[in-house]
Amino acid sequence: MPKMIGKIACSLGKHVSTVACGTTHVRRFLHGAYVRIQPSVQEALMEGRPVVALESTIITHGMAYPQNLSMAREVEEIVTKNGAVPATVGILRGQIHVGLTDEELEFLASSKNVTKVSRRDLPFVLSQGLSGGTTVSGTMIAAHKAGIPVFVTGGIGGVHRGGENSLDVSADLTELGRTPVAVVSAGVKSILDIGRTLEYLETQGVCVAAFGESREFPAFFSCQSGFQAPYHVRDEEEAAQLIASALGLGMSSGVLIAVPCPKERAASGQVIEEAIQQALSEARSKGITGKELTPFMLQRLNELTVGKSLDSNLALIQNNARVGSGIAVALSKLKKARRKGNLPRREDKTPPQPVVIGGINVDFIAKAQNPVILGGGQTNAGRVRRTFGGVGRNLADCLSRLGQTPLFLSAVGKDEHSESVLSYCRHMDMTAILQLEGRNTATYCAMITSAGELSVGLGDMDIHHQITEQYVSQFKENLCQAPLVCIDGNVPLSTIQYVCQLAREHQIAELPSRLEDVVQTAVALACPLLSHLQCVVVTLGALGILLCGKSLGGSILLCPGAPEQAAAASLCATHYPAVHISREEIVNVSGAGDSLMAGILAGILAKHDTDTCVRMGLLAASLSLRSYEPISPEISTSSVSQEQVKSRSWPEAKKSHGPQPVSRCSLQAHNTVGQPHQSFQDRHQIPHFLALNSSASGGSRQD
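Definitions and limits used
Residues numbered from 1 in each chain as written. Predicted model: local features only at pLDDT ≥ 70, side-chain atom pairs only at ≥ 80, totals over all residues. Heavy atoms only, no water. Helix = DSSP H or I, 4+ residues; strand = E, 2+ residues; numbered from the N terminus. Buried < 20%, exposed > 50% of the residue type's maximum accessible area, 1.4 Å probe, protein only. Pairing = 2+ DSSP bridges. Axes fitted to C-alpha atoms, helices over the stretch in contact; angles between N-to-C directions. Contact = heavy atoms within 4.5 Å. Expected span 1.5 Å × (residues − 1). Left-handed = near helix turned anticlockwise from the far one by under 90°. Nonpolar A, V, L, I, M, F, W, Y, C, P; charged D, E, K, R; others polar. Salt bridge = Lys/Arg side-chain N within 4 Å of Asp/Glu carboxyl O. Phe/Tyr/Trp six-rings, centres within 6.5 Å; stacked < 30°, edge-to-face > 60°. Lys NZ or Arg CZ within 6 Å of the ring centre and 35° of its normal. Core = buried A, V, L, I, M, F, W, Y, C linked by side-chain atoms within 4.5 Å.

A. Local environment of the side chain of Asp121. As for its position among the elements, Asp121 is in the loop between β6 (115–117) and α6 (122–127). Residue classification places Asp121 among the buried residues on the basis of a relative accessible area of 10%.

B. Region of interest: the sheet that holds strand β14 (residues 361–368). Ordered by their spatial adjacency, four strands build an open sheet running β15-β14-β19-β20, and the pairing between neighbours is mixed. Each edge of the open sheet is held by one strand with a lone partner, namely β15 (382–389) and β20 (454–460). Here the average twist between neighbouring strands, direction ignored, is 15°. Seen against the sheet, helix α16 (residues 416–424) touches β14, β15 and β19 (443–448) and runs at an angle of roughly 75° to β15.

C. Spatial organisation of helix α13 (residues 293–304). Between its terminal C-alpha atoms α13 stretches 16 Å, which fits the 16 Å expected from twelve residues at 1.5 Å a residue. With respect to burial, α13 is a largely interior element, nine of its twelve residues being buried. Among the residues of α13, Leu293, Thr294, Pro295, Phe296, Met297, Leu298, Arg300, Leu301 and Asn302 are the ones counted as buried.

D. Here's a closer look at the environment of Thr612. Position of Thr612 relative to the elements: it lies in helix α23 (residues 610–625). Residues Thr612 and Val645, 33 residues apart in the sequence, show an inter-C-alpha distance of 6.5 Å. Ignoring sequence-local partners within four residues, the contact set of Thr612 consists of Gln642 and Val645.

E. Layout of helix α15 (residues 391–401). Of all eleven residues in α15, eleven are buried, a share of seventy percent or more. Among the residues making up α15, those that are buried are Val391, Gly392, Arg393, Asn394, Leu395, Ala396, Asp397, Cys398, Leu399, Ser400 and Arg401. Residue Gly403 follows α15 closely and has a positive phi angle near 80°.

F. Broad picture of the pairing of strand β10 (residues 207–211). Counting buried residues along β10, four of its five residues qualify, which places the element largely inside the surrounding structure. Of the strand pairs in this sheet, β10 and strand β12 (residues 255–258) are connected by four bridges, and their pairing is parallel. In the strand pairing of β12, Ala210 is matched with Ala258.

G. Expanded view of the packing of helix α4 (residues 67–81) against helix α5 (residues 102–110). The contact between α4 and α5 brings their axes to 9 Å, and the two run at 145°. The handedness of the crossing between α4 and α5 is right-handed. Side by side, α4 and α5 meet where Asn68, Leu69, Ala72, Arg73 and Glu76 of the first sit next to Asp102, Leu105, Glu106 and Ala109 of the second. Looking at side-chain class alone, the contact of α4 with α5 contains four nonpolar, one polar and four charged residues.

H. The arrangement of the pattern of salt bridges in detail. Counted according to the given criterion, the structure contains 13 salt bridges. The partner of Asp193 in a salt bridge is Arg196, and the shortest N-O contact between them spans 2.8 Å. For Asp397, the salt bridge goes to Arg393, with nearest N and O atoms at 2.9 Å. Remark: Arg393 and Asp397 occur in helix α15; sequence separation between them is four residues, near one turn of the helix. Taking the relative accessible area as the measure of exposure, Asp397 reaches 0% and is therefore buried. Here the residues in one salt-bridge network are Arg73, Asp102 and Glu106, joined through shared partners.

I. Geometry of the packing of aromatic side chains. Counted according to the given criterion, the structure contains two aromatic pairs. Between Phe388 and Tyr424 the ring centres are 4.9 Å apart and the planes differ by 35°, which places this aromatic pair in the tilted class. With Phe388 in strand β15 and Tyr424 in helix α16, this pair connects stretches of sequence that are 36 residues apart. Relative accessible area serves as the criterion here: at 5%, Phe388 is assigned to the buried category. Directly above the aromatic system of Phe107 lies the positively charged group of Arg93, at a separation of 4.6 Å from the ring centroid. If you follow Arg385 out to its NZ or CZ, it ends over the ring of Tyr628, 3.7 Å from the centre.

J. Molecular detail of the nonpolar core. Within the largest apolar cluster, 107 residues are counted, with the highest numbers of intra-cluster contacts made by Val98 and Ile148. Per-element tally for this core: the top contributor is helix α14 (residues 308–340), with 13 residues. Look past the residues within four positions of Val98 in its chain and what remains in contact with it is Val35, Arg36, Ile37, Gln38, Val41, Ala87, Thr88, Val89, Ala142, Ala146 and Ile148. Of all hydrophobic cores here, the second largest spans 54 residues; its members include Phe388, Ile545, Leu596 and Ala621.

As structure tokens, this is what we get:
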């Protein structure tokens, strides 16, 4: 059994009290208006289950009703039976749908005069509220935005015959060169110039691999085209490895997996070629070009081959669905294995990372210039800055600056804010961040007085609810091996309970079963919690902090000791004065408490004594109070360190002891924690550490 969770840190930070007091949620109206992800698809993506994107042009323009509808239903059923979730992409009344209901499938299949939608057509179709079937190009765009890496189609477009003169080149090829999605198809439609298409794909930097034992590039209806693919993959696992490598490199281009049509249902190459030549001649005589050419050619081929081309078409689509869903399943397993560290690898002596679970916010901080903020709709002079916050992000940021880079688990939208956040946080381990299409990255707007106190705050933080148990459970191995796990109290209660249950299952000290009580009454509890907690930190604003816990040898234990140590320990409360900061120096209070917590945790991870750990936290908090950023860029392993603590002159930390045993604790933290509150009735205990904020506002000085 690997090393299990040794410590869990629950940081019940500033936004907990804000939400409890009824934070106003602000939504951006336009973001996400153009994309709707079906709930079953969204759930699968959030849980890391395999999803396969499917196009809809084959429904709207490839076959007649009702055959097109039965084909679409059958392909979705094949994907489901092979362990993946189907996500047919279509456009309904000006909105991109990723995943269609059966009623929506029937609407597209039976509608007349719907649009064939490629990249070029998307803006117009959406702006006019039209409906349509998405081509390979259009579907790739939607799949990428939704976070779906595998897309199954019949065959891609390419360079049309005579394209060297007409310049008729499908947008599918350029899309493959700039959108990182793996396309599983039966090669290129045989009505096209396959040789020039392969050359064009090479120019676009697209990795092309034939599927199976041969490098023969398939020609849609037939297994052989006379051209060789640059590479080949033997099975679904090899294909998944190839796709994972492409995605891991961060390349902007896609991958084409060319799957031959089943031999028993493939059409004769000679028969198909003769039919193609006749159909092309008819198209030229009728002046049919552009995006109308392919549907015309497929229809005429079906007629000229007496249905043989259509039979091959159905067979290859069904086969592609089987192969593609198998690739998606293999890719999903591969990703999970890599996250959990289960892949064969060279011996890695790097110590396990701490894990931080919590929210990311984009903070807009407005600080008033004058001491009095005028109401009544008047404009107040001040300065407005955009910064990046969130309790979890702040802790992960500060720990990273202190040389203890944690794995950070959080969620953001796919919007303008998320790009800025990921760029700013590039010094952190953001590899596990969940990016969700159609969701808003959390934003927080705070009005701060000239003295640095919070006046009012508004937050749009619904995305924090997406930090679910299912998402976090993908990193179970990381959690079990981590030397420390820190949970932001803003994540869903079920997520907190999952991590607590994980600790309980591996015989770590148990946790309260009613964690919502911890969140709701944390401010009013200090000493009574010591029946269940290792220690409690009560923040006192400018006065510093009060550390309550079990003392052994004159020092409060921050980490659980051996049973004999616990039996010999006595209750103690120690007051640590804060680093003095004048009101004029205070710039921003929103990240001070998180910096305090991170500084203490960094000290614990470095195995420093209690006094050093606490004072590292106070140093980090003092730097953030002086910074416009919630986490001061000045925080580093040199500015917050054991050496810095020793180089300073610190006020004496005052201690007081309580005579009662832990189970009957009555030691009070003077007047800083309110009236005594009844302790929990269950016998569970939180292992290691809980930080309490005695301020009821969204932030406090030196909290």
